[in-house]
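Per-entry structural report
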Amino acid sequence: MGGTLADYVGWLIAAAFLLLVLAAMAQAARRTLLERGGGTVECGLRRPGLDKGWRLGLAAYQPHELCWHQIFGFGLRPAEIFARRTLDVLSRRQPTTAEAASLGPDAVVIECKVEEYPQPVELAMGEAALTGFLAWLEAAPPGSDLSQPG
């Protein structure tokens, strides 16, 4: 078979590059599938006391819940689901300098009480996304009553 070491290294580098390209394509396809239904925004998530730092992701608005997906991953299931009727915004603030480095300078951090969690969660998004989030939170789909469970 008589291949040289350089041939093997060349094939190994080509295979690694091909794997990187395939992984990038899979991430792009996943994001397209997640955004296909509309109503998605880039959104950071942090659960103080549980998460050491911010997790970056996409939040998808559904009629009765907010589905949060990690930005990197291969699954289409959300990592976190927050029932709309249990979300309550407690406060709003600008990110610290350290947070702005990972979230972006135009991000706004909101602290939300979620019935299912013992501690509030923090969401970070841009100002326009925050306006949409607050409108979604306050508006109910036609014919529904969010004060009723289910």
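**Some details on the state of the cysteines**
Evaluation of the coordinates by the stated rule reveals zero disulfides. Cysteine cysteine 43 is unpaired, with the sulfur of cysteine 112 as its nearest cysteine sulfur at 8.7 Å.

**A few points about the nonpolar core**
Counting 22 residues, the largest nonpolar core has Leu66, Phe82, Leu87, Leu123 and Phe133 as the members making the most contacts within it. Taken together, the elements giving at least two residues each to this core come down to β1 (40-46), β2 (55-61), β3 (65-70), β6 (107-114), β7 (121-126) and α3 (127-138). It is α3 that contributes the most residues to this core, five residues altogether. Other than its neighbours up to four places away in sequence, leucine 123 contacts Cys43, Gly44, Leu45, Trp54, Leu66, Val108, Val109, Ile110, Cys112 and Phe133.

**Let's talk about the sheet that holds strand β5 (residues 87-93)**
As summarised here, the arrangement of the seven strands in space is β4-β3-β2-β1-β7-β6-β5, forming an open sheet in which the pairing is antiparallel. Looking along the sheet, the strands with just one partner apiece sit at the ends: β4 (80-83) and β5. Strand after strand, the sheet turns through a mean of 35° between neighbouring axes, direction not considered. Bridge count for β2 against β3 is five bridges, and the pairing is antiparallel.

**Considering the environment of valine 41**
With respect to the element layout, valine 41 can be found in strand β1. Considered as a pair, valine 41 and tryptophan 68 are 27 residues apart in the sequence and their alpha carbons are 9.6 Å apart. Residues contacting valine 41, with those up to four places away along its chain left out, are Gly57, Leu58, Ala59, Tyr61 and Ala129.

**Here's the deal with the packing of aromatic side chains**
Under the defined criterion, the tally for this structure stands at three aromatic pairs. Considering the side-chain rings of tyrosine 61 and tryptophan 136, the 5.2 Å spacing of their centres and the 35° angle between planes classify their relative orientation as tilted. Within this pair, whereas tyrosine 61 is found in strand β2, its partner tryptophan 136 is found in helix α3, the two being separated by 75 residues in sequence. Each residue in the set Tyr61, Phe133 and Trp136 is aromatic and connected to the rest through ring pairs, giving one cluster.

**Topic: the confidence of the model for the protein chain**
On average, the protein chain scores 83 in pLDDT, and the residues at 70 or more come to 87%. In this model residues 146-150 is a low-confidence stretch, pLDDT under 50, and it forms eight contacts with partners more than four residues away in sequence or in other chains.

**Focus: the layout of surface pockets**
Taken as a whole, the largest pocket encloses approximately 220 Å³ of empty space. Along the walls of the largest pocket sit 13 residues, with Glu42, Cys43, Gly44, Leu103 and Ala124 positioned nearest its centre. Contributions of two or more residues to the lining of the largest pocket are made by β1, β2, α2 (97-103) and β7. Classifying every residue of the lining of the largest pocket gives seven nonpolar, four polar and two charged.

**Digging into the pairing of β2**
The buried count for β2 comes to six of seven residues, which makes it a mostly enclosed element. Pairing geometry for β1 and β2, over six bridges, is antiparallel. By the bridge assignment for β2, cysteine 43 is matched with glycine 57. As consecutive antiparallel partners, β2 and β3 are separated by three residues.

**So, the pattern of salt bridges**
Think of it this way: side chains of opposite charge can pair up when their charged atoms draw near. Tallied over the entire structure, the rule returns seven salt bridges. Between glutamate 127 and arginine 92 there is a salt bridge; the shortest N-O distance is 2.7 Å. One end of the pair, glutamate 127, is in helix α3; the other, arginine 92, is in strand β5, and 35 residues separate them in sequence. Put simply, glutamate 99 and arginine 93 hold a salt bridge, and the shortest N to O gap is 2.8 Å. Residue class for glutamate 99 comes out buried when judged on its relative accessible area of 8%. Overall, the relative accessible area of 28% leaves arginine 93 in the partly exposed class.

Parameters at a glance
Residues numbered from 1 in each chain as written. Predicted model: local features only at pLDDT ≥ 70, side-chain atom pairs only at ≥ 80, totals over all residues. Heavy atoms only, no water. Disulfide = S-S within 2.5 Å. Core = buried A, V, L, I, M, F, W, Y, C linked by side-chain atoms within 4.5 Å. Buried < 20%, exposed > 50% of the residue type's maximum accessible area, 1.4 Å probe, protein only. Helix = DSSP H or I, 4+ residues; strand = E, 2+ residues; numbered from the N terminus. Contact = heavy atoms within 4.5 Å. Pairing = 2+ DSSP bridges. Axes fitted to C-alpha atoms, helices over the stretch in contact; angles between N-to-C directions. Phe/Tyr/Trp six-rings, centres within 6.5 Å; stacked < 30°, edge-to-face > 60°. pLDDT = per-residue confidence, 0-100. 1 Å grid on protein atoms, 1.4 Å probe; cavity = no way out; pocket = protein on both sides within 12 Å on 5 of 7 lines; lining within 4 Å. Points joined across faces, edges and corners; volume = space filled by probe spheres on them. Nonpolar A, V, L, I, M, F, W, Y, C, P; charged D, E, K, R; others polar. Salt bridge = Lys/Arg side-chain N within 4 Å of Asp/Glu carboxyl O.

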